[in-house]
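Structural characterization, general
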Amino acid sequence: MKNGKVMAGSIRMMWRYKLRTFLMSIGVVVGVAVLVVIRSYGAGMEANIMNKMKQFFDATNIMVTTGFSADGPRTTLKLEDLEAVQAACPEIEAWDPSLMRRKTAQYRSEYHPVLVRGHSEHAELVWERGVTGGRSLDASDVKASARVALLGYKTADILFGDDDPLDQSIQLDGVPYRVIGILEPKGSDPHGEDRDDEIHVPISTMMRRIANVDYINFAKLRVTEAKYVEDVAERVEAVLRQQHALADGEDNDFSLFTPMLIKKMVARANKVFSLYLPLVAAIALLVAAIVIANIMLMAVKERIPEIGLRKAVGATDGQVSRQFLMEAFMVTLVSGLAGIVLGLGVLAVISARVDVPMPVSATAVGLGLAAAVVVGILAGIWPSRHAARMDPVAALR
Amino acid sequence: MIECRGICKSYERPGEPRLDVLKSVDLNIEPGEFTAVVGPSGSGKSTLMNILGLLDRPDSGNYLLGGEPVSNLPHARLASLRNKKIGFVFQQFHLLPRTTALENVELPLVYADTDNISDRAAQALCRVGLQDRMTHTPAELSGGQQQRVAIARALVNDPEIILADEPTGNLDRESGAGIMALFQELNESGRTIIFITHDAALAARAGRVLTMNEGILAEEPAQPVGGVA
Ligand SMILES: Nc1ncnc2c1ncn2[C@@H]1O[C@H](COP(=O)(O)OP(=O)(O)OP(=O)(O)O)[C@@H](O)[C@H]1O
Ligand SMILES: [Mg+2]
């Protein structure tokens, strides 16, 4: 008997027993789809995060954040701490503090809830973000706790529409602020915040007039040359511990992010995609193989008379076993292809949703198909041997 | 055509005495013979038929099929002989469900590595008078029609012998008579046919009647078989 005929017969059988075929295939479809999605998603996300990271955090940057204690956001990071850091580390070219509050901005009848960030006159240099119109914050703004504001371009659009926002007055909590500039577009940051919909005010204004606190949320440091970064970070840590009077063995009440650490974090996050999730997919496929083997075995039992008959009309043991193997193989092959198509579809939807390009990973597609084929063969061997060994007389009774 | 000498078959089950189903059966069937096998239930008719059809092996004895000793052939060779030389008809029809009459009849050809499979299957279906039912599935056919499909399947590879184990056992009298008429026609066109039946009237239509009784095969019926009245 020719293989082509066996294959055609298997396809016919799959079609005739649609429910059984469907049950056998779901596991493989899902497993392969998951494999394709996570491989491509992981790769796309990694590239995306790395790109974003580069935009917000380059090789000369150190970030000092307070994070959270058990009682909520920490309030221990002060401007004086950073001044002490700067004094101890001449390699620090500039540093910029930041304190954030959510406020509602108003221009005439337009109200818009928005994240307001306090920054210093060094923000432009440290964050590498200038203005497309007007000017950035300067030292006198900060010194005077001036009521001036920079708008992200989206915020400007929302509040002003077609009007020119420059030198207009917006209100934050009923207090008027003069718009002095429009921030350069920046996209969304690694935290997922839309950095084009925000307002910047002088840090002093934020601390005294808006938040009325004496601490900041975080500060970004810029070192003159990348090679000093890790060394500077060590000294920054020492100075901050001293400033905060932390005893030996006591945990830091702040976090330091250096380029090396960020790289490690991204790699660790990526490990979930590159290692653990494929493991999940592999388990899904293994389960699928077991399910298929079970259903095939049940099908063999259900088809005992068919096996007996095939033998009676001249099928050899090998042909019977090949038929069942081919059926399992075809089911999984087709399911594997369906899984790839499903995976690509899901990937396209996710990619569009999060607005991140996710190039289809060719290895993922190849891997998915290979996995499906292996599952098919594994799941088929046992039932097919079972079928082939059946005694025709007993099978026909 | 068929020569059997001293065919024995017995079953042994743990804790039970050995059951001798066939006790040294001798049998000669000439080409073109039309033979009925009768006998009480459990006497070993089907067991003999399965051995003649190479589905089962005897424990001892010699079996020559067309002059060739077949008792000790390997599995694959037996499969090929079943495919080319023997056509089976069963009481339960054994058609593949959800599969058209035509595809059912094609089955032996699929394993025979021949061409024109569909044409030959269609011819066989015409031969049994089912030219109008080729695309029907078994569920869409009457019992008599299903058995005709099964006979077409037995015929399609042009075998020398047709073995039928109670081919009319699941059919009403009228369809049964139709099937018998078909067998008779096939026999008249030269085919060797052996069939098992419990119906004395049907057995009487065969040229030769063998009686199986507790594993012993005899030429004449010892007494009229109590078939369906
Ligand atoms: N695999 C087996 N194991 C044990 N005993 C068996 C086996 N197959 C058949 N037998 C026994 O062999 C005997 C003959 O069975 P067989 O099927 O040949 O009878 P039969 O003449 O065809 O009967 P019926 O007219 O009812 O079909 C029976 O008693 C049966 O129980
Ligand atoms: Mg029987």
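Note: the structure precedes this text.
Residues numbered from 1 in each chain as written. Chains lettered and ligands numbered in written order. Predicted model: local features only at pLDDT ≥ 70, side-chain atom pairs only at ≥ 80, totals over all residues. Heavy atoms only, no water.

1. Considerations on the overall build of chain A
- For chain A, the count of helices and strands is 13 helices and 12 strands.
- Put simply, chain A has 397 residues, and 50% of those count as buried.
- With an accessible surface of roughly 18700 Å², chain A has 60% of that area assigned to carbon and sulfur atoms. (Helix = DSSP H or I, 4+ residues; strand = E, 2+ residues; numbered from the N terminus. Buried < 20%, exposed > 50% of the residue type's maximum accessible area, 1.4 Å probe, protein only. Areas by Shrake-Rupley, 256 points an atom, 1.4 Å probe, with all protein chains shown as cover.)

2. A look at the interface of chain B and chain A
- Every contact between the two is made by 26 residues of chain B and, on the other side, 24 residues of chain A.
- At the junction of chain B and chain A, the tally comes to 2 salt bridges.
- With a shortest N-O distance of 3.2 Å, A:Arg12 and B:Glu103 are connected by a salt bridge.
- Across the contact surface, chain B and chain A share 8 residue pairs in polar contact (both at pLDDT 80 or more).
- Elements that contribute at least two residues to the side of chain B that touches chain A include exactly helix H2 (75-85), strand S6 (86-90) and helix H3 (101-110) of chain B. (Contact = heavy atoms within 4.5 Å. Salt bridge = Lys/Arg side-chain N within 4 Å of Asp/Glu carboxyl O. Polar contact = N/O pair within 3.5 Å; in protein donor to acceptor, adjacent residues only side chain to side chain.)

3. Some remarks on the packing of helix H11 (residues 317-354) of chain A against helix H12 (residues 362-388) of chain A
All names here are of chain A.
- Running from amino to carboxyl end, H11 crosses H12 at an angle of 155°, the nearest separation of the two axes being 7 Å. As summarised for this structure, H11 and H12 are arranged roughly antiparallel, according to the angle between their axes. Regarding H11 and H12, the two cross each other, and that crossing is right-handed. Between H11, through Asp317, Val320, Ser321, Phe324, Leu325, Ala328, Phe329, Thr332, Leu333, Gly336, Leu337 and Ile340, and H12, the contact on the second element is made entirely by Val365, Leu369, Ala372, Val373, Val375, Gly376, Ile377, Gly380, Ile381, Ser384, Ala387 and Ala388.
- In terms of residue class, the contact of H11 with H12 is built from 17 nonpolar, 6 polar and 1 charged. (Axes fitted to C-alpha atoms, helices over the stretch in contact; angles between N-to-C directions. Parallel < 35°, antiparallel > 145°, perpendicular 65-115°, else oblique. Left-handed = near helix turned anticlockwise from the far one by under 90°. Nonpolar A, V, L, I, M, F, W, Y, C, P; charged D, E, K, R; others polar.)

4. Details of the site of ligand 1
- Around ligand 1, 14 residues are found, and the nearest of them are B:Ser41, B:Gly42, B:Lys45, B:Ser46 and B:Thr47.
- Neighbouring residues of ligand 1 are not confined to one chain but are distributed across chains A and B.
- In the model, a nitrogen atom of ligand 1 is placed 3.5 Å from a nitrogen or oxygen of the A:Arg397 side chain.
- B:His198 is positioned such that a nitrogen or oxygen atom in its side chain is 2.9 Å from an oxygen atom of ligand 1.
- Out of a free accessible area of 640 Å², ligand 1 has 68% covered by protein chains.
- At the level of elements, strand S2 (19-29) and helix H1 (45-52) of chain B are the ones that each hand at least two residues to the shell around ligand 1.
- The element best represented in the shell around ligand 1 is H1(B), accounting for 3 residues.
- Residues belonging to the shell around ligand 1 are distributed by class as follows: 4 nonpolar, 7 polar and 3 charged. (Near = heavy atom within 4 Å.)

5. Points about the environment of B:Gly53
All names here are of chain B.
- Its location among the elements puts Gly53 in the loop between H1 and strand S4 (60-65).
- Spatially, the C-alpha atom of Gly53 lies 8.3 Å from that of Gly87, the residues being 34 residues apart in sequence.
- When sequence neighbours within four positions are dropped, the list of residues in contact with Gly53 reads Arg82, Ile86, Phe88 and Leu163.

6. Some details on a nonpolar patch on the surface
Residue and element names in this part refer to chain A.
- On the surface, Leu19, Phe22, Leu23, Ile26 and Val30 cluster together to form a nonpolar patch covering roughly 460 Å² of accessible area.
- Considering the arrangement of structural elements, one finds Val30 in helix H2 (residues 18-56).
- Note on Val30: relative accessible area 40%, which makes it partly exposed. (Patch = residues over 30% accessible without salt bridge, like charges linked within 9 Å, V, L, I, M, F, W, Y side chains within 5 Å.)

7. Looking at the packing of aromatic side chains
- Under the criterion given, the structure shown has 4 aromatic pairs over all chains.
- Look at B:Phe34 and B:Phe195: their rings are 5.5 Å apart centre to centre, the planes differ by 40°, and that puts the pair in the tilted class. In this pair, B:Phe34 sits in strand S3 (residues 34-38) while B:Phe195 sits in strand S8 (residues 192-196), placing the two residues 161 residues apart along the sequence.
- Ring centres of B:Phe88 and B:Phe90 lie 5.7 Å apart, and the angle between their planes is 10°; this geometry places the pair in the stacked category.
- A relative accessible area of 9% places B:Phe90 in the buried class.
- The side chain of A:Lys18 reaches across the aromatic face of A:Trp15, ending 4.8 Å from its centre. (Phe/Tyr/Trp six-rings, centres within 6.5 Å; stacked < 30°, edge-to-face > 60°. Lys NZ or Arg CZ within 6 Å of the ring centre and 35° of its normal.)

8. As for the nonpolar core
- Counting 71 residues, the largest nonpolar core has B:Ile2, B:Leu52 and B:Tyr63 as the members making the most contacts within it.
- Of the residues forming this core, the biggest block, 8 residues, is contributed by helix H9 (residues 259-302) of chain A.
- In this structure, B:Tyr63 is in contact with B:Ile2, B:Glu3, B:Cys4, B:Ile7, B:Ile51, B:Leu52, B:Leu54, B:Glu68, B:Pro69, B:Val70 and B:Ser71, ignoring residues within four places of it in sequence.
- Ranked by size, the runner-up nonpolar core spans 47 residues in total, among them A:Ala149, A:Ala156, A:Phe160 and A:Leu246. (Core = buried A, V, L, I, M, F, W, Y, C linked by side-chain atoms within 4.5 Å.)

9. A few points about the sheet that holds strand S1 (residues 2-11) of chain B
- On the basis of which strands lie adjacent, the open sheet formed by 4 strands has the order S2-S1-S4-S5 (chain B) and antiparallel pairing. Two strands close off the open sheet at either side, each with one partner strand: S2 and strand S5 (68-69) of chain B. (Pairing = 2+ DSSP bridges.)

10. Things to note about the pattern of salt bridges
Residues and elements named next belong to chain B.
- With the rule as written, the count across this model stands at 34 salt bridges over all chains.
- A salt bridge links Arg18 to Asp20, with the shortest nitrogen-to-oxygen separation between them at 3.3 Å.
- Judged by relative accessible area, which is 32%, Asp20 ranks as partly exposed.
- Two residues, Glu219 and Arg208, come together in a salt bridge whose shortest N-O distance is 2.6 Å. Pair noted here: Glu219 is in the segment after strand S10 (216-218) and Arg208 is in strand S9 (residues 208-213), with a separation of 11 residues, a long-range link.
- Owing to a relative accessible area of 15%, Arg208 belongs among the buried residues under this scheme.

11. Observations concerning the pairing of strand S7 (residues 148-151) of chain A
Residues and elements named next belong to chain A.
- Neither face of S7 is open: one carries Val148 and Leu150, the other Ala149 and Leu151, and all of them are buried.
- Here S7 runs beside strand S9 (residues 175-183); their pairing, made up of 4 bridges, is parallel. When the sheet's bridge partners are listed, Ala149 is paired in S9 with Val179.
- Taken together, the 2 bridges between S7 and strand S10 (residues 198-202) define a ladder with antiparallel strand orientation. In the strand pairing of S10, Leu151 is matched with Ile199.

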